[in-house]
Amino acid sequence: MDERNVAVVFPGQGSQRPGMGKDFYDAIPVSGDTYREASDALGWDVAAMCFEDDERLNLTEFSQPCILATEIAMFRGLQLLYGFAPGYFGGHSLGEYTALVAAGVLPFTDALKTVQARGRLMQEATPVGMGAMAAVIADGLDVDGVLKALEGLPVDLANDNSADQVVISGEAKAVSEAEGRLRKSVGDNPSFRFIPLNVSAPFHSRFMETIEGRFREVLCGVEGRMQPAEAKRVTANFTGLFHSDKSGEIIDKMVSQLSHTVQWRKNMNTLAAVANSIFEMGPGRPLKGFFKTVHLECQSITTLSGAQRVFEKAGIPQRHL
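Here is what the cut-offs are and how they apply
- Residues numbered from 1 in each chain as written.
- Predicted model: local features only at pLDDT ≥ 70, side-chain atom pairs only at ≥ 80, totals over all residues.
- Heavy atoms only, no water.
- Core = buried A, V, L, I, M, F, W, Y, C linked by side-chain atoms within 4.5 Å.
- Buried < 20%, exposed > 50% of the residue type's maximum accessible area, 1.4 Å probe, protein only.
- Contact = heavy atoms within 4.5 Å.
- Salt bridge = Lys/Arg side-chain N within 4 Å of Asp/Glu carboxyl O.
- Helix = DSSP H or I, 4+ residues; strand = E, 2+ residues; numbered from the N terminus.
- Axes fitted to C-alpha atoms, helices over the stretch in contact; angles between N-to-C directions.
- Left-handed = near helix turned anticlockwise from the far one by under 90°.
- Nonpolar A, V, L, I, M, F, W, Y, C, P; charged D, E, K, R; others polar.
- Pairing = 2+ DSSP bridges.
- 1 Å grid on protein atoms, 1.4 Å probe; cavity = no way out; pocket = protein on both sides within 12 Å on 5 of 7 lines; lining within 4 Å.
- Points joined across faces, edges and corners; volume = space filled by probe spheres on them.
- Phe/Tyr/Trp six-rings, centres within 6.5 Å; stacked < 30°, edge-to-face > 60°.
- Lys NZ or Arg CZ within 6 Å of the ring centre and 35° of its normal.
- Arc of directions from axis to C-beta.
- Right-handed = clockwise from strand over helix to strand, strands pointing away.

(A) Highlighting the nonpolar core. In this structure, V46, L78, F84, F89, M281 and I301 are the most contacted members of the largest nonpolar core, which totals 75 residues. With sequence-adjacent residues up to four places away left out, F89 is seen in contact with V8, F10, F75, A99, A102, A103, R233, V234, T235 and L271. Ranked by size, the runner-up nonpolar core spans 20 residues in total, among them A132, L141, A174 and V175.

See below:
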């Protein structure tokens, strides 16, 4: 495997699950150290929240650093075990922060504090219960048709995930009205589904604009410790293209990501143009199916045993610890 032509992508919020990463924690010292480093940085036991049945794992303020810590613990573990060193990186929403850490752009502890602040601000942006999000799914989905159905409603396109799925986000009552409009617009398409998501705020919508200034201050606080040259290997959700090597532009894109569409389809196409092999790494595998819609195989790694099978199949020997 020529790792210059390998990309790794990281899923975001919603992929969390109790017990995530524990097999890496138990088996690989550097993975255990990663959880301890996260706990020291944040002042609470990250491993305990990830491994136990803790309801706070689904609260945005806690789920975001927990997912990031788990993904980096997995990534570092596989670096050690297999010398895994991908040439390119991407991540969906929160996963973009993991990608920036894995590529060496953001220090891990700074990223943890940043995403915890991000989660807190995102939750504070709207009153609880005011916002809602929903996945809109159909074969050969017409995104322009979805946008037309949303006209005049306080609802935005949050994620352009694939040719078959988008996510909408906005006021809860308006999202319900959007469902009716969309059902009319697709007619009797048997593949149409409208799935409300279990989220606490309307992420990636205009309702996040109120927190952009405060979040920019958080990012500017870590700008001096960034290594922006490495960002040219990381795709940006906001544009769907690779980041530049200018820290100010990286910050601009990460701030804009809060209130604009996650251009995941464009991210996938950008990575596909440079990578022959794509791996998804995290506690869940939501991105694998999206890559299928652009006719790309994405190998998902969610457990240590799964990683061992993937690397064995690729002919990459495991190192002795």
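(B) The pattern of salt bridges, seen in detail. Under the counting rule described, the total for this entry stands at 14 salt bridges. Close ionic contact of K22 with D26 constitutes a salt bridge, the shortest N to O distance being 2.8 Å. You can see K22 and its partner D26 sitting in helix 1 (residues 22-27), four residues apart, about one turn around the helix. Residues D245 and K246 are paired through a salt bridge, measuring 3.7 Å at the closest nitrogen-oxygen approach.

(C) Inspection of the packing of helix 4 (residues 60-82) against helix 5 (residues 95-102) at higher detail. Between helix 4 and helix 5, whose axes approach to 10 Å, the crossing angle comes to 35°. In terms of crossing hand, the pair formed by helix 4 and helix 5 is right-handed. Of helix 5, the residues touching helix 4 (which contributes L68, E71, I72 and F75) are G95, Y97, T98, V101 and A102. Partitioning the contact of helix 4 with helix 5 into residue classes produces six nonpolar, two polar and one charged.

(D) Just the sheet that holds strand 3 (residues 131-137), in detail. Strand order across the open sheet formed by four strands is 4-5-3-6, with antiparallel pairing between neighbours. Lying at the two open borders of the sheet, with one neighbouring strand each, are strand 4 (155-162) and strand 6 (193-196). For this sheet, the mean inter-axis angle between neighbouring strands, taken without regard to orientation, is 25°. Pairing between strand 4 and strand 5 (residues 165-171): six bridges, direction antiparallel.

(E) Just the layout of surface pockets, in detail. The space that makes up the largest pocket amounts to roughly 780 Å³. Contributing to the lining of the largest pocket are 31 residues, with Q13, G14, S15, L197 and V199 lying nearest its centre. Put simply, the parts of the chain that give the lining of the largest pocket at least two residues each are helix 4, helix 6 (108-124), strand 3, strand 4, strand 5 and helix 12 (287-292). With three residues, the single largest contributor to the lining of the largest pocket is helix 6. Tallied by class, the residues present in the lining of the largest pocket amount to 13 nonpolar, 17 polar and one charged.

(F) Quick peek at the packing of aromatic side chains. This model, assessed by the stated rule, comprises 13 aromatic pairs. With a centroid separation of 5.2 Å and an interplanar angle of 75°, the aromatic rings of W44 and F62 are classed as edge-to-face. With W44 in the loop between helix 2 (29-42) and helix 3 (46-51) and F62 in helix 4, the pair connects residues that are 18 residues apart, well separated along the chain. The burial state of W44 is the same as that of F62; both residues are buried. Aromatic pair F75 and F84: ring centres 6.2 Å apart, planes at 70°, arrangement edge-to-face. Here the two residues F75 and F84 agree in accessibility, since each one is buried. Counting every residue linked through ring pairs, the aromatic cluster contains F10, F75, Y82, F84, F89, F279 and F311. Sitting over the ring of F62, R56 keeps its end group 5.4 Å from the ring centre. A cation over a ring is seen here: R76 above F108, with NZ or CZ 4.8 Å from the ring centre.

(G) Molecular detail of helix 13 (residues 304-313). Taken together, the buried positions of helix 13 are occupied by L304, G306, A307, V310 and F311. End-on, the buried residues of helix 13 take up no more than an arc of 155°, which puts them together on one face. Across from the buried face of helix 13, at angles greater than 90 degrees, the exposed residues are R309, E312 and K313. Structurally, helix 13 contributes buried residues whose contacts are with helix 1, helix 4, strand 7 (277-281) and strand 8 (298-301). Backbone geometry just downstream of helix 13 places G315 in the positive-phi region, at approximately 75°.

(H) Here's a closer look at the pairing of strand 8. Where strand 7 and strand 8 come together, four bridges link them in parallel fashion. In the strand pairing of strand 8, I278 is matched with C298. As for the winding sense of the linkage, the β-α-β connection from strand 7 through helix 12 to strand 8 is right-handed.

(I) Quick peek at unusual backbone geometry. Although it is not a glycine, H204 adopts a positive phi angle of roughly 55°. Along the chain, the position of H204 falls in the loop between strand 6 and helix 9 (212-220). Notably, H295 is not glycine yet its phi reads approximately 60°, a positive angle. Tracing the chain through its elements places H295 in the loop between helix 12 and strand 8.

By themselves, these figures tell us nothing about what the structure is for.
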